[in-house]
Amino acid sequence: MLDLRRLVILRELKHRGTMSAAARELAYTHSAISQQLAQLERDVGVKLLERTGRNVRLTPAGDELVRNTEAILAAIEKAEADLATTHQRPQGVVRLAAFTTISRAIIPDALLNLAERYPELQVQVTRADPEFGITMLTSRQVDAVLTDAYPGVGQAAPAGVTVTTLGTDPVRAYLPPGVRSEGPAGMGSVPWVLEPPTSAATQWALRVCRERGFDPYVAHTTSDLLFHLRMVEHGLAAAFLPDMVIRESGLKLTPSAWLSVGQERTINLLVREGSEAHPAHVAVREAVMRELGDG
């Protein structure tokens, strides 16, 4: 008889790449992970892991077992969703991870709406950057994740995850006063504040600038968009800012006409495959969509 807990450990090893990372995500010790996987090999009577230097990797049989595990977990999610539909109204707990700007600008009103409509439904929110939120979802630390995605730099969803687009949020460039010319020649010395280099937002911003014929001078780096906003407000740096951030601030800022590219980030909700129709997840999805539409 296969043990689901051990199958999940093997799946986590596949996704995280090392036993240490899998242990960290599942809140186990390294030795406990090793012991559970050794027992799984004994249970199935097939070699699932092979050592590569200091690490291990899955054998073809291990990879196949993980693929089957994904299907098993999706079936369990669907079974839970089907059972939940027997209730007349959404209820229970939904653990939601969300990125910073939507947590401030959208989530409070969505939660208020949900509390009024479904008093037996409890939504617990954790702030998490999109990449980490997805990790939390696949390791079953949360039930749903709100992420943003920028044009041309979207990443494929991990196996076993379903993505639903809830809405869009325009992103515009704002320049400090005194820029001599809104063109390639005048932009070389303008300081910019961008998110960290590996972020999708920065990869998108760099591409937009280069398509306009210049490489931005990145003077400041932070994922805190309120800092970006304050630097623009004080005339200290240029920045690409989503409308959601401007709307939340109440400031009247004029975006650059030259750098206006008419592009938007998408706001997505990610859940584990099989749970899409869970009434609680549907309620959360609809509440966030409603608030995005009202914005």
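Computed from a predicted structure; not experimentally measured.

Undergrad: Please clarify how the overall build of the protein chain should be interpreted in this entry.
TA: For the protein chain, the helix and strand inventory stands at 12 helices and 10 strands. Dimensions of the protein chain, computed from C-alpha atoms along their principal axes, come out at roughly 70 × 55 × 25 Å. For the protein chain, buried positions account for 45% of its 295 residues. With the model as given, the accessible surface of the protein chain reaches about 14500 Å², and the carbon-plus-sulfur share is 51%. Once the 31 positive and 34 negative side-chain charges of the protein chain are each reduced to a mean point, those two points are 4 Å apart.

Undergrad: How should the environment of valine 190 be read in this particular structure?
TA: For valine 190, the location among the structural elements is in the loop between helix H8 (184-187) and strand E7 (191-194). For valine 190, a relative accessible area of 6% puts it in the buried group. With 14 residues separating them along the chain, valine 190 and proline 176 place their C-alpha atoms 8.2 Å apart. If near-sequence neighbours (up to four positions away) are discounted, valine 190 is found in contact with Pro176, Val179, Tyr217 and Ala238.

Undergrad: Looking at this structure, how should I read the packing of helix H1 (residues 4-16) against helix H2 (residues 19-26)?
TA: Angle between the axes and distance between the axes: these two values describe a pair of packed helices. Where H1 meets H2, the closest approach of the two axes is 8 Å, and the angle between their N-to-C directions is 120°. In terms of orientation, H1 lies oblique with respect to H2. For the pair H1 and H2, the sense of crossing is right-handed. For the pair H1 and H2, contact is made by Val8, Ile9, Glu12, Leu13 and Arg16 and by Met19, Ala21, Ala22, Glu25 and Leu26, respectively. For the contact of H1 with H2, the per-class residue count stands at 7 nonpolar, no polar and 3 charged.

Undergrad: Before we go on, may I ask you to explain the layout of surface pockets in this structure?
TA: Empty space among the atoms becomes visible once a probe the size of a water molecule is rolled across them. Looking at the largest pocket, its volume works out to about 830 Å³. Lining the largest pocket are 37 residues, and of these Asp129, Pro130, Glu131, Asp148 and Ala200 sit closest to its centre. Take the lining of the largest pocket: its biggest share by element is 5 residues, from helix H7 (residues 130-138). By residue class, the composition of the lining of the largest pocket is 16 nonpolar, 12 polar and 9 charged.

Undergrad: What exactly am I supposed to notice about the pairing of strand E5 (residues 144-149) here?
TA: The side chains of a regular strand alternate between both faces of the sheet. With 6 of 6 residues buried, E5 is to be regarded as a mostly interior element. With burial as the criterion, each face of E5 is covered, one bearing Ala144, Leu146 and Asp148 and the other bearing Val145, Thr147 and Ala149. Two elements, strand E3 (residues 92-98) and E5, share 3 bridges in a ladder whose sense is parallel. Bridging across to E5, leucine 96 finds its partner in alanine 144. Pairing between E5 and strand E10 (residues 264-272): 6 bridges, direction antiparallel. Paired with threonine 147 across the two strands is asparagine 268, which belongs to E10.

Criteria and cut-off values
- Residue positions are counted from 1 within each chain, in the order its sequence is given.
- Confidence filtering applies because this is a predicted model: local features only for residues at pLDDT of at least 70, side-chain atom pairs given and counted only at 80 or more, and all residues used for totals across whole chains, interfaces and linings.
- Calculation of side-chain values draws on the structure's entire complement of heavy atoms; hydrogens and water are dropped beforehand.
- Secondary structure elements follow DSSP: runs of H or I of four or more residues count as helices, runs of E of two or more count as strands, with numbering from the N terminus.
- Each residue is assigned to one of three classes by its accessible area relative to the maximum for its type, calculated with a 1.4 Å probe on protein chains only: buried under 20%, partly exposed between the two thresholds, exposed over 50%.
- Every accessible area reported is derived by Shrake-Rupley at a probe size of 1.4 Å, with residue values counting cover from the shown protein chains alone.
- The charge count includes Lys and Arg as positive and Asp and Glu as negative, but it does not include His or the ends of the chains.
- Charge positions are represented by NZ for Lys, CZ for Arg, CG for Asp and CD for Glu.
- Any two residues having at least one pair of non-hydrogen atoms within 4.5 Å are treated as being in contact.
- Comment: axis = line fitted to C-alpha atoms, over the contacting stretch for helices; angle = value between 0 and 180 degrees taken between N-to-C directions.
- Roughly parallel refers to an angle under 35 degrees, roughly antiparallel to one over 145, roughly perpendicular to one between 65 and 115, and oblique to any angle outside these ranges.
- The handedness criterion is simple: a crossing whose near helix is rotated anticlockwise from the far helix by less than a right angle is left-handed, and one whose near helix is rotated clockwise is right-handed.
- Amino acids are sorted into nonpolar (Ala, Val, Leu, Ile, Met, Phe, Trp, Tyr, Cys and Pro), charged (Asp, Glu, Lys and Arg) and polar (every other residue, Gly among them).
- Cavities and pockets were defined on a 1 Å grid built from protein atoms only: a cavity is a group of points that admits a 1.4 Å probe but offers it no way out, a pocket is an open group of points flanked by protein on both sides within 12 Å along at least five of seven lines, and a lining residue is one with an atom within 4 Å of any such point.
- Grid points are joined across faces, edges and corners, and a volume is the space filled by probe spheres set on the points.
- A pair of strands is considered paired only if DSSP assigns at least 2 bridges between the two.

Distances and angles like these do not, on their own, reveal function.
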